[in-house]
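# Report on the structure
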Amino acid sequence: FVFHRTTPFSSRNAFNFLRSRNIRWVYAVQMLVAVAFVALCEWNVIPVEGMLVGMDAGTMYVVEVGMLAIVGIGIFAALKGYDWLLHHRVLKAEGEHRVQLYQVCNISRVAFLTFLVMLGVFFYYGTLENWGMYYALAAFVSSLFCLPSAEGVEIELESLLTNSKH
C-alpha cells in the first residue's frame, strides 16, 4: 500500500499501511530469535552453560538481585516507556509520520522485551538455576500483551488519528 498526497489520510489507510508492514510478522520474527537463542544454548552451540557457576554465595546473590532488578525495571520501562512515547511523541506527529512512529514504538518495545527474554535465558544457562527462566518467562508473557490484534490496532490508530489532545 502506498500513500499518495491525494489520498485522504484515515484510520483505514493507516491500518492498511500497518498491515502491509505487518507488525505481527516482526513480532513473530523477534520471538523466533529468542527461541533460536534457547535452542543454541541448549545444544551448547553458544557455550554459556555453567559459565557463572562456582561464584561464592554473596556474588551469586548480587547477580540474582541484579537480574531481578534489570528484568523488573526493563519490563516496566518497556511498557510505560511505550505509553509515554505514544502520548508525548506519536500524538504530536502529523499524518503518515504518526503511523510510522506508532509502528517504530511497537517494534522497539517488543525488541526490548525480546532482549530481556534472551538475557533471562542467558542467566538460566549461565548459572544453572531456575531464576533465569522465571525472568525470561516474565519478559515473554509481557511481550505477549504487546502483540497487537487487528481490532486493537484499528482502535488505537483511530484514537491516534482523531485525538491529539494529549
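Residues numbered from 1 in each chain as written. Predicted model: local features only at pLDDT ≥ 70, side-chain atom pairs only at ≥ 80, totals over all residues. Heavy atoms only, no water.

Going through the model one piece at a time under the given rule, you end up with five aromatic pairs. Taken together, the ring pairs in this structure connect Phe123, Trp131, Tyr134 and Tyr135 into an aromatic cluster. The side chain of Arg109 reaches across the aromatic face of Tyr82, ending 3.7 Å from its centre. (Phe/Tyr/Trp six-rings, centres within 6.5 Å; stacked < 30°, edge-to-face > 60°. Lys NZ or Arg CZ within 6 Å of the ring centre and 35° of its normal.)

Let us look at helix α2 (residues 23-42). Note that an α-helix has 3.6 residues per turn; residues three or four places apart therefore point the same way. End to end, α2 covers 29 Å across 20 residues, agreeing with the expected 28 Å (1.5 Å per residue, within 8%). For α2, every residue scored as buried is listed here: Ile23, Tyr27, Gln30, Met31, Ala34, Phe37 and Cys41. Buried residues of α2 fall within an arc of 100° about the axis and therefore sit on the same side. Residues of α2 that are exposed and angled more than 90 degrees away from the buried face: Trp25, Leu32, Val35 and Glu42. Asn44 sits one or two positions beyond α2 and adopts a positive phi of about 60°. (Helix = DSSP H or I, 4+ residues; strand = E, 2+ residues; numbered from the N terminus. Expected span 1.5 Å × (residues − 1). Buried < 20%, exposed > 50% of the residue type's maximum accessible area, 1.4 Å probe, protein only. Arc of directions from axis to C-beta.)

This part covers the confidence of the model for the protein chain. Taken as a whole, the protein chain shows an average pLDDT of 80; of its residues, 83% reach a score of 70 or greater. The least confident element of the protein chain is helix α1 (residues 11-21), whose mean pLDDT is 54; the most confident is helix α5 (residues 131-144), at 91. Counting contacts from residues 1-9, a segment whose pLDDT is below 50, to residues more than four positions away or on other chains yields 16 contacts. (pLDDT = per-residue confidence, 0-100. Contact = heavy atoms within 4.5 Å.)

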